[in-house]
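Here is what each chain is made of, one letter per residue.
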Amino acid sequence: MSRVMDIIKDETLTYQQQLLQLARYAENTEGPFLQSEEYQKAFAKGILCDLGEGMAPYRPRYIAPDYSILMEKGCKFLELDPPKDLLEATNALLIMYKHVPSITSFPVYLGNLDTLLEPFVVKMDRDEAKKILKLFLLHIDKTLVDSFVHADLGPKDSLTGRIILELTEEMQLAMPNLTLKYDSEVTPDDYAICAIKCMLKTSKPSFANHKMFVSEWGEDYVIASCYNGLKLAGGGYTLPRVRMYELSKEATSIEDFKKRVLPYYTELMLQFMDNRIRFIVEQSNFFKSNFLVKEGFVKRENFTGMFGLVGLGECCNNLLGITDKMKGYGHNKQADDLGVEIMEQLSSLIAAHKGLYCESTNNQYRLHAQVGIDSDGRENSPGARISIGAEPELMDHILHSCRFHKYFPTGIGDIFKFEETWYNTPESLLDIIKGALANGMRYFSGYLANNDVVRVTGYLVKKSELAKLDRGEASLNQCTVFGQGARNTSNALDRRIESYDQSTGK
């Protein structure tokens, strides 16, 4: 009972956070045997990790409902009629959000808000629409208190999108996370510049490579949680991950890593994913009785398994015997090329495995560059990122990222920290983003160095809330504790600051 009492006595937890942690403790304490003996050994070594998904998963990890059905038909289970105006539409969404589960117990996807709400907004006075949308965003921030809660905009310009960007900058809220689906041929420059100025001041929205996601998922895709690409009306069943640095320590050589270590542990992970997905679909009640399934808001065949990894850069450095990160991955062609070779092999191994219940992704699981947790420490950077503190110049950094983003359809992103001058020259940053996405970058995030709202690894926290936690006070955003851990164990807030050279415009 010591863990239960620790949760009950913790003064830094709100009531809701205590409730969720107690429920998570129960979920992790008892359940079916989903782990092989070999997987348990790998777990004990820190090589494989289930990201705390529990012994008895009773819902998919990430769920991305098609909220357009709510707008068109209402919801029988919730006794909601199709909304007739913006007030009814936002109220219906807020009600439904409370009933969309996930690994965090908060909805990780709130919809493409401009598409959902634009038909109502364009019919009314702009100031009145802005007032309603402000209350809508405030309600989200104070009730869906987890910054993995995520909404999308774009790629088309919209009045709703512009108002949401205005409000996001004015209100300085950590929730919801926000992405602009960006396509230079569809998204007007002036709209993209509004998004950039908002991003610099609030760490959101990030820019998603719309063409790349469409080529892999079709038009009906979503960005959820941190930066997760998923199918609309679907989601991700599970996201276990491999710590690549820990994996590299099992190998006696690069050849041994490729021939023995990587295939062996990849197969262990894939078997574990099969077991979890089989249990979620065949034994838990979600796909049998949940109203989201019964009314068509989600469809089982639109879900997939997400194979996560962290620490690719440190893995490459270790295999090559590189101890100085400034001379390794991100700065060293041999290390970067090895990273590409590893990703090619890992992609092939996953593609050769027939996944369970994931028809929309050709019965294959998909790779995800996971953002990391505080226990990963400094030796497992998020996904395929370059270690914090070892970042190269901005352009070199972007070109490096472009080599790896194509391998991760379910999400990868890089974060750039800018000095204040960039806010006055958003056109220059737009040119950089256009070039980055055109060269294969999947997801671009940025923020100003002096922001209160900052992007940690994929989620957002406020520095002011971190200070509360440091003083032993509770923080409303349950991600603040993750941000504190990432700051303390991996220097996640100490990214290189990108300066602006007025003579070159870069």
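What comes next is a walk through the structure. (Residues numbered from 1 in each chain as written. Predicted model: local features only at pLDDT ≥ 70, side-chain atom pairs only at ≥ 80, totals over all residues. Heavy atoms only, no water.)

### Quick word on the packing of aromatic side chains
Counting across every chain of the model gives 19 aromatic pairs. A centroid spacing of 5.2 Å and a plane angle of 10° characterise the contact between phenylalanine 213 and tyrosine 221, whose relative ring orientation is stacked. We note that phenylalanine 213, like tyrosine 221, is buried. Through a chain of ring-to-ring contacts, the aromatic side chains of Tyr67, Tyr97, Tyr109 and Phe136 assemble into a single cluster. The ring of tyrosine 58 carries the charged tip of arginine 59 above its face, separated from the ring centre by 4.2 Å. One Lys or Arg, lysine 201, reaches over the ring of tyrosine 423 and ends 4.8 Å from the middle of that ring. (Phe/Tyr/Trp six-rings, centres within 6.5 Å; stacked < 30°, edge-to-face > 60°. Buried < 20%, exposed > 50% of the residue type's maximum accessible area, 1.4 Å probe, protein only. Lys NZ or Arg CZ within 6 Å of the ring centre and 35° of its normal.)

### Here's the deal with the side chain of serine 203
Note that serine 203 resides in the loop between helix H9 (189–202) and strand S5 (206–209). Accessibility expressed as a relative area gives 0% for serine 203, which makes it buried. Contacts of serine 203, omitting those with residues within four sequence positions, involve Cys198, Gly446, Tyr447, Asn451, Val453, Val454, Arg455 and Leu460. (Helix = DSSP H or I, 4+ residues; strand = E, 2+ residues; numbered from the N terminus. Contact = heavy atoms within 4.5 Å.)

### Quick word on the sheet that holds strand S3 (residues 150–153)
Judged by pairing direction, the sheet is mixed, and its 6 strands sit side by side in the order S3-S4-S5-S14-S13-S17 without closing on themselves. In the strand order of this sheet, the two ends are held by S3 and strand S17 (497–498), each with one partner. Relative to S17, strand S13 (residues 414–418) runs parallel, the two being bridged by 2 bridges. Note that in S17 the partner of phenylalanine 418 across the bridge is glutamate 498. Taken strand by strand, helix H17 (residues 394–404) contacts S13, strand S14 (443–448) and S17, and its axis lies near 170° from that of S13. (Pairing = 2+ DSSP bridges. Axes fitted to C-alpha atoms, helices over the stretch in contact; angles between N-to-C directions.)

### Comments concerning the packing of helix H12 (residues 254–282) against helix H16 (residues 333–351)
At their nearest, the axes of H12 and H16 sit 10 Å apart, and the two run at 40° to each other. Relative to H16, the element H12 lies oblique. Here H12 runs over H16; the crossing is right-handed. Contact residues: H12 offers Ile254, Phe257, Lys258, Leu262, Pro263, Thr266 and Leu270, while H16 offers Leu338, Glu341, Ile342, Gln345, Leu346, Leu349 and Ile350. Residues of the contact of H12 with H16, tallied by class, amount to 10 nonpolar, 2 polar and 2 charged. (Parallel < 35°, antiparallel > 145°, perpendicular 65-115°, else oblique. Left-handed = near helix turned anticlockwise from the far one by under 90°. Nonpolar A, V, L, I, M, F, W, Y, C, P; charged D, E, K, R; others polar.)

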